[in-house]
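Residue-level structure breakdown
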Amino acid sequence: MREGFFKNVLRSVLAGSLFFPAAIAQDQINQLASETRVTETVAPFYDYEHIPDFTYDEVEKRVAAMETDMPFELNETIFAFINYFTVRNRDYTRMVLARQDMFFPLFDEALEKHDMPADIKYLAIIESGLNPKARSRVGAMGLWQFMPATGKEYQLYVNSHVDDRLDPEKSTDAALRYLKVLNRRYNNWELALAAYNCGPGNVNKAIRRSGGKRTFWGIYRYLPRETRSYIPQFQAIMYVLRHAEAHNLILEEPAYAMDFDKVSLGAGFTLENLAKFTDLCLEDLEYLNPSLLRSEVPDFNKDRTINVPLHKVAFITENQPWLVDSLQLEKERYLASLPEEPEKPLHNLTYRVRSGDVLGKIAQQYGVSVSQLKSWNNLYSNTIRIGQVLHIYQDNDSFDKTIASSQQPPAVTETSAGKMYTVQPGDSLWLISRKLEGVSIDQLKKLNNLNSNQIKPGQKLIIG
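The sections below set out a description of the structure shown in this document. The structure displayed is predicted, hence computed values, not measured ones.

**Some thoughts on the packing of helix 9 (residues 189–198) against helix 10 (residues 200–209)**
Following both chains from N to C, one finds helix 9 and helix 10 inclined at 125°, their axes separated by 7 Å at the closest point. By the angle between their axes, helix 9 is oblique relative to helix 10. Of helix 10, the residues touching helix 9 (which contributes Leu191, Ala194, Ala195 and Cys198) are Pro200, Asn202, Val203 and Ile207.

Structural data, given as structure tokens:
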């Protein structure tokens, strides 16, 4: 009643048909205007936790209306993964929704350059969840999960300072070139994606076992288990990200990509010093340059450009000579502050992995750390195999201590055939010759009729 009264008052005042003191009219109008403003500022309410119901037929209609260059025919397997991403694991889907704007523009540009279907970008979600530092249990790295050997084949180089597999631009270009090669082989994008996951050898084997069929669903039952779910997940994500709102997958706090550009400042400097001289945030520089493993541009990477936030590019470009000099001066000051110590020669040991060996045991035996063993031997996990050769670097002092410690217990016994030595785990003929004074490798081989340097723990060797 009160709201209707004020509306009639306002209408009459404006029409000039109602006359009463101006002060009273103004008070009523102000009150009504205030109430109107309150109504206009009410924000829409979103129930982010609400999970809408949906049917197979509804999804099928949406899939039929999708425009894509990739094969996509809905079936129960794909529908199960759509249910997984929209119902059972909504947090994962929201996570990739938040990250897509950071990487999809890069993917779209690269896919257009290579004249490839735009929807291939969704493969990076299945590979890494759009995490440029993602690492698998077997050592695959980056947005597109390259193993070291495949990465090297596509010019993604790895050393202790830089891992190009973590570079979004380089790894994306390499992944698309590899996928194009696979698609030329099979003339089928689904099979190309399957081969990207399990390797061409497994796909070829599945084609043979299927009687020569050359579609994913034709060879489905003959593929490795992981690959059987790989393509359905990819197709489910293609659907889900197109129809996120239909499944109430809405971000409470949208994420925005950081605009950046490339600059060249030489080599041999740390991101920490660059941040200091440019008033940039170190975390931003590290985020934009994930392939710099130590947050520094090493001396040998003289042609490397780095990514910096766009708002500082003009400043860096205008002050480039001064910045380069300052970064180099900071490096020289740091080196000068280091205590002068004579350089110790390093001894390179080679150790062949034996049954029962683990990295921790080997590291303890030689007085080094597990991380050093992994770095020296380009290992990306703690897995080692029997017969594998490991390189171990020690200075002479540590090396002599290792030899001395390995002499206890001596494992030497007196028998009727002479002195015998029992081979210990980790032993080699060279190590034994260092333990036992006056016995050379050649003598050990002659005394024991050995045709090679291969020995095994528990073996008895005549030593004199």
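**Regarding unusual backbone geometry**
The phi dihedral of Leu130 falls on the positive side, at around 60°, and the residue is not glycine. Summarising the element assignment, Leu130 is placed in the loop between helix 6 (123–128) and helix 7 (148–153). With relative accessibility at 1%, the residue Leu130 sits in the buried group. Phi at Asn187 is positive, roughly 50°, even though this residue is not glycine. Along the chain, Asn187 falls in the loop between helix 8 (168–186) and helix 9.

**A few points about the packing of aromatic side chains**
Tallied over the entire structure, the rule returns 15 aromatic pairs. An angle of 65° between the planes, with centres 5.3 Å apart, marks the rings of Phe107 and Trp144 as edge-to-face. In this pair, Phe107 sits in helix 5 (residues 90–113) while Trp144 sits in the loop between helix 6 and helix 7, placing the two residues 37 residues apart along the sequence. An aromatic cluster is present here, built from Phe103, Phe104, Phe107, Tyr122 and Trp144 joined pairwise through their rings. It is Lys276 that lies over the ring of Phe277; its NZ or CZ is 5.3 Å from the centre. For the cation-ring pair, Lys312 lies above Phe315, with the distance from its terminal atom to the ring centre recorded as 5.0 Å.

Thresholds, definitions, all that
Residues numbered from 1 in each chain as written. Predicted model: local features only at pLDDT ≥ 70, side-chain atom pairs only at ≥ 80, totals over all residues. Heavy atoms only, no water. Axes fitted to C-alpha atoms, helices over the stretch in contact; angles between N-to-C directions. Helix = DSSP H or I, 4+ residues; strand = E, 2+ residues; numbered from the N terminus. Parallel < 35°, antiparallel > 145°, perpendicular 65-115°, else oblique. Contact = heavy atoms within 4.5 Å. Buried < 20%, exposed > 50% of the residue type's maximum accessible area, 1.4 Å probe, protein only. Phe/Tyr/Trp six-rings, centres within 6.5 Å; stacked < 30°, edge-to-face > 60°. Lys NZ or Arg CZ within 6 Å of the ring centre and 35° of its normal.

All quantities given are derived from atomic positions and should not be read as evidence of function.
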